[in-house]
Amino acid sequence: MNRIKIAPSILSCNFLRLEEDIKKAEDAGADLFHIDIMDGHFVPNITIGPMLVEQVRKITSKPLDVHLMIENPHKFVEDFIKAGADIITLHVETDRHIFRTIEIIKSKGIKAGVTLNPSTPLITLEHIIHEVDLVLIMTVNPGFGGQRYMDVMDEKIKKARNMIDKTKKDIELEVDGGIKATNAKKVVQCGADILVMGTEIFHSTDYKKKIQEVRNIISD
Ligand code: DX5
Ligand code: ZN
């Protein structure tokens, strides 16, 4: 089994101490950093943009996993690529010509991901799954950190795993929302390769201890 990756979501960082938090999480064993971009239209929250991704790029060499929760993402992918994103993940609900946007991302040598809100059926990925490097399953309604994991999404993760395996392509399955030490093993057993963890890490007193705790649990 491939090594499960831990992707701290910086949405839950103390933004007044962002550099310190990111460096601490990197030292604690983060494999990549999940960066939530929100526009206040697709989701009821506004966060950060390419400018901040550019600043984060300067302080870590870990892959930057940019999750676009914005309308018309095609207008902004080039800005996020320039800012240093390594993975750009789009919501299928936000882009009428997602095939084209995925092609643009990949043409720049950047990994392309797709994601869907909890209620959006996996069938929407049927004709694009072969084109992406990553599928992100949302296990909360997007917009905020610190929400409860939606157990009803277990089946969707398992189905996404099967869908990916049938393609016989190297596509990573990332799961995002409400993941804690208490449910991480179950999420991995459902088929996740990458666990996004925001509050569980950045609201803990010892990032290294927390990430090690999760690693021990999932490797048991
Ligand atoms: C929610 C974001 C998630 C969130 C995860 O819209 O996409 O990445 O930051 O935070 P936790 O792990 O606290 O649910
Ligand atoms: Zn996210």
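Keep in mind the model is a prediction, meaning the values are calculated, not measured.

A.B. asks: Describe in detail empty space enclosed by the protein, supporting the description with residues and values.
C.D. replies: With a probe scaled to a water molecule rolled over the atoms, the places where space remains empty come into view. Across all of its chains, the model carries 1 cavity of 30 Å³ or more by this definition. Here the largest cavity is characterised by a volume of approximately 210 Å³. Looking at the largest cavity, it is lined by 26 residues, and the ones nearest its centre are Phe144, Gly145, Asp176, Gly177 and Gly178. Going through the elements one at a time, β2 (33–38), β3 (64–69), β8 (194–197) and α7 (199–202) are the ones with two or more residues in the lining of the largest cavity. By residue class, the composition of the lining of the largest cavity is 10 nonpolar, 12 polar and 4 charged.

A.B. asks: Provide a residue-level description of the environment of Ile104, including the pertinent values.
C.D. replies: Within the secondary structure layout, Ile104 lies in helix α4 (residues 98–107). Among the residues examined, Ile104 registers a relative accessible area of 26% and is labelled partly exposed. Here the alpha-carbon distance between Ile104 and His74, two residues 30 residues apart in the chain, equals 8.7 Å.

A.B. asks: If you had to explain the packing of aromatic side chains to someone new, which residues and values would you point to?
C.D. replies: This structure, assessed with the given rule, holds 1 aromatic pair. Their ring planes at 85 degrees and their centres at 5.4 Å tell us that Phe202 and Tyr207 sit as a pair that is edge-to-face. The exposure class of Tyr207 is buried, given its relative accessible area of 6%.

A.B. asks: Give me the lowdown on helix α5 (residues 154–167), citing residues and values where you can.
C.D. replies: Between its terminal C-alpha atoms α5 stretches 21 Å, which fits the 20 Å expected from 14 residues at 1.5 Å a residue. Among the residues making up α5, those that are buried are Asp154, Lys156, Ile157, Ala160, Arg161, Met163, Ile164 and Thr167. Lys168, located one to two residues past α5, shows a positive phi value of around 55 degrees.

A.B. asks: Lay out the sheet that holds strand β1 (residues 5–8) in plain terms, naming residues and giving numbers.
C.D. replies: In sheet architecture, strand pairing relies on hydrogen bonds along the backbone and comes in two forms, parallel and antiparallel. Taken in spatial order, the 8 strands line up as β1-β8-β7-β6-β5-β4-β3-β2 in an open sheet, and their pairing is parallel. This sheet does not close on itself; its edge strands, each paired only once, are β1 and β2. On average, adjacent strands in this sheet sit at an angle of 25 degrees to one another, irrespective of strand direction. One ladder, built from 5 bridges, connects strand β4 (residues 87–91) with strand β5 (residues 111–116); its direction is parallel. Among the inter-strand pairings, Ile88 is bridged to a residue of β5, identified as Ala112.

A.B. asks: Tell me about the packing of helix α1 (residues 18–27) against helix α8 (residues 207–219), and name the residues and values.
C.D. replies: For the pair α1 and α8, the least separation of the axes is 8 Å and the interaxial angle reads 40 degrees. When the axis of α1 is compared with that of α8, the two are oblique. Read as a crossing pair, α1 and α8 show a hand that is right-handed. Residue-level contacts link Asp21, Lys24, Ala25 and Asp27 of α1 to Tyr207, Lys208 and Ile211 of α8. In the contact of α1 with α8, the residues fall into 3 nonpolar, no polar and 4 charged.

Conventions used here
- Residues numbered from 1 in each chain as written.
- Chains lettered and ligands numbered in written order.
- Predicted model: local features only at pLDDT ≥ 70, side-chain atom pairs only at ≥ 80, totals over all residues.
- Heavy atoms only, no water.
- 1 Å grid on protein atoms, 1.4 Å probe; cavity = no way out; pocket = protein on both sides within 12 Å on 5 of 7 lines; lining within 4 Å.
- Points joined across faces, edges and corners; volume = space filled by probe spheres on them.
- Helix = DSSP H or I, 4+ residues; strand = E, 2+ residues; numbered from the N terminus.
- Nonpolar A, V, L, I, M, F, W, Y, C, P; charged D, E, K, R; others polar.
- Buried < 20%, exposed > 50% of the residue type's maximum accessible area, 1.4 Å probe, protein only.
- Phe/Tyr/Trp six-rings, centres within 6.5 Å; stacked < 30°, edge-to-face > 60°.
- Expected span 1.5 Å × (residues − 1).
- Pairing = 2+ DSSP bridges.
- Axes fitted to C-alpha atoms, helices over the stretch in contact; angles between N-to-C directions.
- Parallel < 35°, antiparallel > 145°, perpendicular 65-115°, else oblique.
- Left-handed = near helix turned anticlockwise from the far one by under 90°.
- Contact = heavy atoms within 4.5 Å.

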